Structure formats: C-alpha cells, structure tokens
Amino acid sequence: MPASQRPTTRTESTCTMETAQGTHAFRIVGYSLQKGIGRGKFIRSANFAVGGYDWAIRFYPDGESSNVEDDNVDAEVRALYDFQAGQPRLWAVVVGVLSEGAVNFLIPSFGYPHTAMRVEVQVPPPELQDNLGKLLESEESADVTFKVKGEVILDHRVMLALRSPVFKAELYGPLSGKKRQIINVEDVEPSVFKALLHFIYTDSLPAMDDLDADENGEMVKHLLVAADRYGVDRMKLICESILCKRLDVEGVATTLALADQYHCNKLKDACIGFINSLNRMDDVLSSQGYAHLKRDCPAVFVDIFEKTAKSHKI
C-alpha cells in the first residue's frame, strides 16, 4: 500500500496545573530598625492560606545566608509572586519550602535573586527662605511699625530680635518702651532699610537687576553701613566681599575711606593693595574720592605708606 494511502493516527494530551491567586499585606513596623540584625536572620509574616496551602513570607533585611536549609521539604509548589514595596514592582518565580506548617517565600533585602529594590523618596527643596520672604512681603501678623524717613514699614519683632542685637535691644531691652507703637528711622533710606529686612528674613541680598553698575555699587556700600548699624555681621561681610571685587581707580579712594570708617579690614587691605599694585598713583590722587580720603581719614595714609615700604623690600 502506498504511504499516501496509509491511515494516520492523531493523539493529544493536556497538562493541567491547578492555580490560585491571593494577596497578603505584610507590614513591618519600624523597618529601619531591623537593618543590622545579621545576615541569614529573617522576619516572618503570619501564615495565610492560598490554593489549599498555608504560606508565609520570610524577609531578610541583611541578606539571605548562603547555607539556608530547606527544613525537610515534604511537598513542592511553585509560586509566581508580584512583590511591591512602593515602586517599582519585582516579579519572580520561587519554589516554596514547606516548613513549620507553611510554605515560605524567601525574600532577601527587597530582591530575589540578585535583584535590589531602590525606593527613592523625592524631597522638595527647602522652603523656609521662601516662606519667610513671603511673610515679610505680606506683613501678616506684623507687630512693630517703622517710619523710615516718612515711609511706613510693618515688621515682626521676634524676627528682628533674632537676627540683630541692635533690634533686640531696641525692641525688647529695658529702654524699648513697650507702649511705643512707631519707631522712627532717619539715618537709613527706605530702599536700604527694606533690603536690610530682606536679608534678615532670607539670609540673602535682594536682586538689584534694575540698578546700573554705579547704582549697584552705591547700594552695596549703603547696605554695608546699614549692616554695621544694626549688627548684621554676615551681611556686612558679604557687602565687603562684593566691594573687594569691584575696585577701580575712580572709586578706590572712596571705598578705602568707607573701609577705614567701618573697620572693614579685609576691604581696607584690598584697597591699599590695589593702589600699590598700580603705576597710576597720579590717577588715584586726582580722583574725587581722594580729597574725601585725605580730609576725613588722614590716618589711613600711614597704612598705605607702610604697606608700600614693605612691598618695596620684598
């Protein structure tokens, strides 16, 4: 009989595996305190029933020991589990180990196997500086009033006292006069006083983008004077640092006089060094600031001559 005419036999078979699904929430209170309990040591959940078996979860905070015993396995079941602790999820197929009346998932350090869980917490940037700046602008809960050359400015006593020893004495000292509602300020311009308050609240100088280079430099000098007046030392040092970087022939004498008057030693040294480093002493002598320096700060010339003499000996 030709092969094409032979009868064919068709067979088939089916493999059926019983499946079941379940969910168990295993909460570890004080999780961060569990780290360091030792490799191979675990935290075990309560038993929970799925598919006719009792299950439990073993969690190893410091990793599973390489010699974990299977505890007399009587039966073997396979489990596909979706383990989730925040995000992301981990998937793995494990063979359950029957012990202590339950099939145990062995889960070392948020991974199984060779998989590490990284739970990242997004922390927003600091808000305190911004919040205090908004408090200053809104004048909410203000409890002290300043009248600065006729302009009324509301503020908060505790904030001022915290940041300035002068304000603290003025607002809480024995001569504070608690019944006085308005404090007059006549020796500071309103714009400078507001900039001082901005620093007190935010620990930073305000933006001065609307000022040209000369106006900006003058504002920094006024802020240095205000910082000295109210004992805001960090603000004074910041202004001193800015002025050290902006020295020029026309203004160095004026800046030197300011540094001498308000005891800014670093700025004073920078001015003298700037003058001595130039071969344009005649330009400095002919500047408008030199006349002011000569009239109001004659002692500063001793420092100039001494530093000049020392530089020539080197």
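All figures in this text were calculated on a predicted structure; none of them were measured in a lab.

> Is there a simple way to explain the sheet that holds strand E9 (residues 151–155) in this structure?
Sheet strands line up and pair through hydrogen bonds in the backbone, either parallel or antiparallel. Spatial strand order, E9-E8-E10: 3 strands in an open sheet with mixed pairing. Edge strands, defined here as strands with exactly one partner in the open sheet, are E9 and strand E10 (182–185). With direction set aside, neighbouring strand axes in the sheet form an average angle of 25°. Where strand E8 (residues 144–148) meets E9, 5 bridges bridge the pair, whose relative direction is antiparallel. Considered in E9, the bridge of Val144 is made with Asp155.

> Help me out: how do you make sense of the environment of Glu139 in this one?
Checked against the element boundaries, Glu139 lands in the loop between helix H1 (128–138) and E8. Accessibility expressed as a relative area gives 33% for Glu139, which makes it partly exposed. For Glu139 and Ile153, which are 14 residues apart along the polypeptide, the C-alpha to C-alpha distance reads 8.8 Å. Non-local contacts of Glu139, meaning those with residues more than four positions away in its chain, are made with Leu154 and His156.

> Would you explain the environment of Val232 in this entry?
With respect to the helices and strands, the residue Val232 is situated in the loop between helix H5 (213–230) and helix H6 (233–244). For the pair formed by Val232 and Ser164, sequence separation is 68 residues and the distance between their alpha carbons is 5.7 Å. Sequence-distant contacts of Val232, defined by excluding residues within four places in its chain, comprise Arg163, Ser164, Leu196, Phe199, Ile200 and Ala227.

> Explain the pairing of strand E3 (residues 53–60) here, please?
Each regular strand carries side chains that alternate between the two faces of the sheet. Of all 8 residues in E3, 6 are buried; the element is thus mostly enclosed. Examined bridge by bridge, strand E1 (residues 43–44) and E3 share 2 bridges and lie antiparallel to one another. Its bridge partner lying in E3, Arg44 is registered against Arg58. Examined bridge by bridge, strand E2 (residues 48–50) and E3 share 3 bridges and lie antiparallel to one another. When the bridges of E3 are listed, Ala49 appears paired with Asp54. Taking the residues between adjacent antiparallel strands as the criterion, E2 and E3 are bridged by 2 residues, where Gly51 takes a positive phi near 60°.

> I'm lost on a negative patch on the surface in this one. Help?
On the surface, Asp209, Asp210, Asp212, Asp214, Glu215, Asp248 and Glu250 cluster together into a patch of negative charge. By secondary structure assignment, the location of Glu215 is in helix H5. Its relative accessible area of 40% is what places Glu215 among the partly exposed residues.

> Please explain the pattern of salt bridges as it appears in this structure.
Where side chains of opposite charge bring their charged atoms close, a pairing between them can arise. Counted according to the given criterion, the structure contains 9 salt bridges. A salt bridge links Asp130 to Lys134; the nearest nitrogen and oxygen atoms lie 3.3 Å apart. Within this pair, Asp130 and its partner Lys134 are both found in helix H1, separated by 4 residues, close to a single helical turn. Residue class for Asp130 comes out partly exposed when judged on its relative accessible area of 44%.

> Just checking my understanding: could you explain the nonpolar core for this structure?
The nonpolar side chains of soluble globular proteins are, as a tendency, buried together. Ranked by internal contacts, the top residues of the largest apolar core, which has 52 residues, are Phe146, Phe167, Phe193 and Ile200. For Phe146, the contacting residues outside a window of four places in its chain are Glu151, Val152, Ile153, Asp155, Leu160, Phe167, Ile183, Val185 and Phe193.

> Help me out: how do you make sense of the side chain of Thr202 in this one?
Within the secondary structure, Thr202 sits in helix H4 (residues 190–202). For Thr202, a relative accessible area of 7% puts it in the buried group. In terms of polar contacts, Thr202 uses its side chain to reach the backbone carbonyl oxygen of His198, at 2.6 Å. Setting aside residues no more than four positions away along its own chain, Thr202 makes contact with Gln129 and Gly133.

Parameters and conventions
Residues numbered from 1 in each chain as written. Predicted model: local features only at pLDDT ≥ 70, side-chain atom pairs only at ≥ 80, totals over all residues. Heavy atoms only, no water. Pairing = 2+ DSSP bridges. Helix = DSSP H or I, 4+ residues; strand = E, 2+ residues; numbered from the N terminus. Axes fitted to C-alpha atoms, helices over the stretch in contact; angles between N-to-C directions. Buried < 20%, exposed > 50% of the residue type's maximum accessible area, 1.4 Å probe, protein only. Contact = heavy atoms within 4.5 Å. Patch = residues over 30% accessible without salt bridge, like charges linked within 9 Å, V, L, I, M, F, W, Y side chains within 5 Å. Areas by Shrake-Rupley, 256 points an atom, 1.4 Å probe, with all protein chains shown as cover. Salt bridge = Lys/Arg side-chain N within 4 Å of Asp/Glu carboxyl O. Lys, Arg positive; Asp, Glu negative; His and termini not counted. Charge placed at Lys NZ, Arg CZ, Asp CG, Glu CD. Core = buried A, V, L, I, M, F, W, Y, C linked by side-chain atoms within 4.5 Å. Polar contact = N/O pair within 3.5 Å; in protein donor to acceptor, adjacent residues only side chain to side chain.

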